[in-house]
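Tertiary structure, described
So you can see what is in the structure, the chains are spelled out below.
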Amino acid sequence: MPVPVHVLVLGGTTEARRLAESLAGDQRVRVTTSLAGRVASPMFPPGDVRVGGFGGPDGLAAWLREHDVDALVDATHPFAATMSRNAAEAAVLAHVPLLALRRPGWAAQDGDRWHVAGSLAEAAELLPALGERVFLTTGRMGLAAFAGADLDALWFLVRSVDAPEPPWPARMEILLDRGPFDLAGEREIIRRYRLDVLVTKDSGGSATAPKLLAAREARIPVVVVRRPPVPEGVPLARTPDEAVRWVRRLYASG
């Protein structure tokens, strides 16, 4: 029997897990998923799993060579820009084909009051003119952008999977929760905390999208942080099925 194609999936997303589930059932493929280890209780996908960083692009390239990896799939969070750059550099160093798996971003609908920002810092600058009680759903990383004295008059409800660490906004409450979230729950949060502005990253997908509909219904503004682009020259798949087909073309051509 031929040696299975070894695929390393840089994971941590729903799409990465679904890709691993599809590949794990194929005897022609050996799949390893790498998790960054930033979430306290991650959901492990099928197949082999490693947890922790690689030490930059050189470390990742060395791991690819040492473990005879035949293909690399960057299925990290759309905002994991540093890891995506490292993956692109490592793939070139190790001469391993690379695919980026990214779910489509969200699109504004009729009735939305979106304000697009290029960064968390830019999102913070927009807030004083938009509201006073902020629903901050950008995760536990990057709260320092909202810790400036010019935002001390604002109150923040910070939702994240794990507890954040300072620096953080001067006036805030932390809500620990993990998606998927439903519309009824998001409506209740906006009502209960009297929120008048939402801040979110353009993560895409359905797990956290109900907050956008709840904000539209409540007619409150939404600051949407634009996602970074995929590194230049890296092919892009929008769904796990597209990524599976890419992997299959590799072993079919081999």
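1. Re the overall build of the protein
In terms of helices and strands, the protein carries 7 helices and 12 strands. What you see for the protein is a C-alpha radius of gyration of 20 Å, in line with the 18 Å of a compact globule of 254 residues. Oriented by its inertia axes, the alpha-carbon framework of the protein measures out at about 65 × 35 × 30 Å. Taking all 254 residues of the protein together, 45% fall into the buried category. Put simply, 66% of the contacts in the protein that link residues at least 6 apart link residues at least 24 apart. Surface summary for the protein: the accessible area is close to 12,800 Å², and the carbon and sulfur share equals 51%. For the protein, the separation between the mean place of its 30 positive charges and that of its 30 negative charges on side chains is 3 Å.

2. As for a negative patch on the surface
A cluster of acidic residues, Glu122, Glu125, Asp150 and Asp152, forms a negative patch at the surface. Its location among the elements puts Glu125 in helix H4 (residues 120–126).

3. Things to note about the pattern of salt bridges
Once the charged atoms of two side chains with opposite charge are near each other, the side chains can pair. Per the counting criterion, the structure on display carries 10 salt bridges. Across the pair Asp48 and Arg30 runs a salt bridge, and its minimum N-O distance is 3.3 Å. Of this pair, Asp48 sits in strand E3 (residues 48–51) while Arg30 sits in strand E2 (residues 29–35); the two residues are 18 residues apart in sequence, bridging distant segments of the chain. Judged by relative accessible area, Asp48 falls into the partly exposed class, the value being 36%.

The rules we used
- Residues numbered from 1 in each chain as written.
- Predicted model: local features only at pLDDT ≥ 70, side-chain atom pairs only at ≥ 80, totals over all residues.
- Heavy atoms only, no water.
- Helix = DSSP H or I, 4+ residues; strand = E, 2+ residues; numbered from the N terminus.
- Rg over C-alpha atoms; globule rule 2.2 N^0.38 Å.
- Buried < 20%, exposed > 50% of the residue type's maximum accessible area, 1.4 Å probe, protein only.
- Contact = heavy atoms within 4.5 Å.
- Areas by Shrake-Rupley, 256 points an atom, 1.4 Å probe, with all protein chains shown as cover.
- Lys, Arg positive; Asp, Glu negative; His and termini not counted.
- Charge placed at Lys NZ, Arg CZ, Asp CG, Glu CD.
- Patch = residues over 30% accessible without salt bridge, like charges linked within 9 Å, V, L, I, M, F, W, Y side chains within 5 Å.
- Salt bridge = Lys/Arg side-chain N within 4 Å of Asp/Glu carboxyl O.

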